[in-house]
Structure formats: structure tokens, C-alpha cells
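As a plain string of letters, each chain reads:
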Amino acid sequence: MSELPYGYFGPEGTFTHQALLTLPLPAAAPIPYPTVPSTLEAVREGKIAAGLVPIENSVEGGVSATLDNLCYGDPLVITREVLLPVSFDLFVRPGTALADVRRVITHPHAAAQCRGWLARELPLAELTEDGSTAAAAAEVARPDSPYDAAICARVAGELHGLTSVATGIGENPDAVTRFVLVSRPGPIAPPTGADKTTMVLFMRHDHPGALLELLEQFASRGVNLCRIESRPTKKSIGDYCFSVDAEGHIDDARVAEALMGLHRISARVVFLGSYPRADGVQPVVRGGTSNDAYREAADWLERLRRS
Ligand SMILES: O=C(O)C(=O)C[C@]1(C(=O)O)C=C[C@@H](O)C=C1
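Quantities reported herein were computed from a predicted structural model and do not represent experimental measurements.

## Structural notes on the overall build of the protein
- Looking only at helices and strands, the protein features nine helices and 15 strands.
- Expressed as lengths along the three principal axes of its C-alpha atoms, the size of the protein is roughly 85 × 50 × 35 Å.
- A separation threshold of at least 6 residues defines the contact pool for the protein, and within that pool the share at least 24 residues apart is 75%.
- With 28 positive and 37 negative side-chain charges, the protein shows a separation of 5 Å between the mean positions of the two kinds.

Structure (C-alpha cells):
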């Protein structure tokens, strides 16, 4: 049987596509999907081996479409992450001048990162947020498009024969987007020593210190967090769950113990995978939280019980 291809949030020329090209890929050509949910649905349906989607940006924060789909859809797990610097250009059809730009189109996260530049340089331009940055470039390339300009990556503008009239228009020249490769649940790759574990935590009931109790499960085992954000549970106003990235791997004793503690005290823990960190940063293992320390403590308890 031939190996299934990977899929990605497309079309060709998105930042997600560029991030995908940094990974080792199956022989079959990767398949673009028009939205994050359609990419993840193709993974669930077994049409692709894995899908790459954006999850957070250093300027704009979490990508809700990804966070919510992973949390509420049928189970999927993250197996890898990719960090990609993102830089935005304003691309027009050849012959259009910057001063003639009246209508701009781009992806909502790109729009959020370029709002300051647009307000300064094109204060009268109307901004439409839709699709992806590469889909915006494809739209502007149509001769009868109602849009004059797309905010997109250089590769997307050039792919569609457009001309750049402004470069580096994002708020922060050092902006980075993090992408995750998502698969159906299966055996988890062993720890590398520089890993992350992603999960969503649902509180049992709201009370003073409820979030603190969840966080204590990590703190008491020496597990550092790299991301925590609240997302609405979509049930009622003020009802939130917590999307968390913790340092370490489910096979690390301190992470496993924290997960068991969370399972005991919360309404639900959605496990979204343990995978290697893209930056290769190894956690600082505090005294008494190594695998050896946990093993030694378990042996000690066993000896007490038997004596
Ligand atoms: O539209 C694209 O090119 C994407 O890959 C999506 C996306 C995002 O969702 O954040 C990726 C990186 C940039 O921050 C802007 C847009």
C-alpha cells in the first residue's frame, strides 16, 4: 500500500505551506485544504497521514480555529511542531500603484499583524479578512477581482505574478508563527529530552482557586508551562477551559504524575500529544522530579508496604 500524503492549510504559498516544506515529507505530493477544519477533517477521515495547521503567532496569539477543532472534534494528536518567521508584503496586480489601493484582502491573523501599517499608509482602504494569505494573492491575481491588493508572503505574491508595493509591513519584524503536524491517535514517539505535551483542561466546577488547583498539579511536580490560554467552552458566557503546553513528555514521570493528578481533579483532560520541541530547548529538571527520583520513591513506598 502506498504511503498517504500530508495535507496543509493552503493553497500553495501560505505560510503553512512554507512551514510544511521544512519537514521530511512522504513521497506523495502534499494536499492543500482551504481551511483549518477541512485539513483536520481530512486527517480524521484517513485521507491524509497528517495535516499541518497554524496554532499560535508571537504577535497575535492563538489560532482559535485550530485550538477549538483539536479540543472539540474527534480525537487527534500533535506529533511535531514547526516555527517559521513570518514577514508580510503588500502585493498588487502589475500596473497598480500603492496610492490606488482601495480594497485589501488577507487572512485574519495577517490582517491583525499589519493593521498599524494599513492605518498609517492606507487609512482609507477597506480591509477584508478571509481564507488564507495565499488565497488572497490568488484572488487579487484575477483580472476582474474587486480587490486591489493582498497581504501575503513573498512566495505567494510571486507565484501569482503580482508586484510588491510594500515589504515588511507587519508590526513586528521578528514575528514567528508556530505550526503543528496533527495525526490520528497512535503510538507516541519516545521522548527526545526536549519535548512538549499539549492538553486542554476542563474544570469540574467554578470556585475560588480552581485554576490554581490545576496549576498546582504542574508546579508540585516541577513541570514548566510554555503556553496557557483560556478558551470558551461554548456552553455559556463565563465558562472557560484552558489550553496548555507543558514542558516534557508523557513518558517523563513528572509529566505523567501531573496528568494523573489533573485527571483526578478536573472534569476532563483532552490529551493532544507529546512531541519534540522545534527549538530543542531541554527543560530544567528540578531536584526530586527526575524519572530516577520518582522510581526511587515508588521503590521506597513498596518497601514500606512490604515491611
Ligand atoms: O494564511 C496563511 O498563509 C497561513 O498559513 C495562516 C497564518 C495564521 O493562521 O496565522 C499563518 C501565519 C501568519 O501568521 C498568518 C496567517
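## Observations concerning the UniProt feature "site: Essential for prephenate dehydratase activity" (unreviewed entry) in the protein
- Taken from the UniProt record, the annotation "site: Essential for prephenate dehydratase activity" (unreviewed entry) applies to Thr-177.
- Here Thr-177 is to be found in strand 11 (residues 176-183).
- If near-sequence neighbours (up to four positions away) are discounted, Thr-177 is found in contact with Pro-54, Glu-56, Asn-57, Val-82, Leu-83, Leu-84 and Val-86.
- Of the polar contacts made by the side chain of Thr-177, one reaches the side chain of Asn-57; its length is 2.8 Å.

## Here we look at the environment of Phe-242
- Mapped onto the fold, Phe-242 is located in strand 14 (residues 240-247).
- Along the chain, Phe-242 and Leu-214 lie 28 residues apart, while their C-alpha atoms are 9.6 Å from each other.
- Sequence-distant contacts of Phe-242, defined by excluding residues within four places in its chain, comprise Met-199, Val-200, Leu-201, Met-203, Leu-211, Leu-214, Ile-228, Glu-229 and Ser-230.

## Things to note about the side chain of Gln-113
- Relative to the helices and strands, Gln-113 resides in helix 4 (residues 108-121).
- Overall, the relative accessible area of 3% leaves Gln-113 in the buried class.
- At a separation of 3.2 Å, a polar atom in the side chain of Gln-113 contacts the side chain of Asn-57.
- Residues contacting Gln-113, with those up to four places away along its chain left out, are Asn-57, Val-59, Glu-60, Val-86, Phe-88, Ile-169, Gly-170, Glu-171 and Ala-175.

## Brief notes about a nonpolar patch on the surface
- Judged by side-chain polarity, Leu-211, Leu-215 and Ile-228 come together as a nonpolar surface patch covering roughly 200 Å² of accessible area.
- Looking at the element boundaries, Ile-228 is found in strand 13 (residues 225-232).
- Exposure remark for Ile-228: the relative accessible area of 40% places this residue in the partly exposed category.

## Observations regarding the pattern of salt bridges
- Here the structure, examined in full by the defined rule, presents 22 salt bridges.
- We note a salt bridge from Glu-45 to Lys-47, for which the minimum N-O separation is 2.8 Å.
- Across the pair Glu-126 and Arg-103 runs a salt bridge whose closest N-O atoms are separated by 3.4 Å. One end of the pair, Glu-126, is in strand 8 (residues 126-129); the other, Arg-103, is in strand 7 (residues 103-106), with 23 residues separating them in the sequence.
- Salt bridges here are not isolated pairs; linked through shared partners, they connect Glu-56, Glu-81, Arg-178, Lys-196, Arg-227, Glu-229 and Asp-245.

## Overview of the packing of helix 7 (residues 210-219) against helix 8 (residues 253-265)
- Closest axis-to-axis distance for the helix 7/helix 8 pair is 8 Å, and the angle between their directions is 160 degrees. With respect to their mutual orientation, helix 7 and helix 8 come out roughly antiparallel. As helix 7 runs across helix 8, the sense of the crossing is right-handed. Judged by residue contacts, Glu-213, Leu-214, Gln-217 and Phe-218 of helix 7 engage Ala-258, Gly-261, Leu-262, Arg-264 and Ile-265 from helix 8.
- When its residues are assigned to classes, the contact of helix 7 with helix 8 shows five nonpolar, two polar and two charged.

Here is what the cut-offs are and how they apply
- Residues numbered from 1 in each chain as written.
- Predicted model: local features only at pLDDT ≥ 70, side-chain atom pairs only at ≥ 80, totals over all residues.
- Heavy atoms only, no water.
- Helix = DSSP H or I, 4+ residues; strand = E, 2+ residues; numbered from the N terminus.
- Contact = heavy atoms within 4.5 Å.
- Lys, Arg positive; Asp, Glu negative; His and termini not counted.
- Charge placed at Lys NZ, Arg CZ, Asp CG, Glu CD.
- UniProt positions renumbered as here; feature names shortened; annotations may be inferred.
- Polar contact = N/O pair within 3.5 Å; in protein donor to acceptor, adjacent residues only side chain to side chain.
- Buried < 20%, exposed > 50% of the residue type's maximum accessible area, 1.4 Å probe, protein only.
- Patch = residues over 30% accessible without salt bridge, like charges linked within 9 Å, V, L, I, M, F, W, Y side chains within 5 Å.
- Areas by Shrake-Rupley, 256 points an atom, 1.4 Å probe, with all protein chains shown as cover.
- Salt bridge = Lys/Arg side-chain N within 4 Å of Asp/Glu carboxyl O.
- Axes fitted to C-alpha atoms, helices over the stretch in contact; angles between N-to-C directions.
- Parallel < 35°, antiparallel > 145°, perpendicular 65-115°, else oblique.
- Left-handed = near helix turned anticlockwise from the far one by under 90°.
- Nonpolar A, V, L, I, M, F, W, Y, C, P; charged D, E, K, R; others polar.

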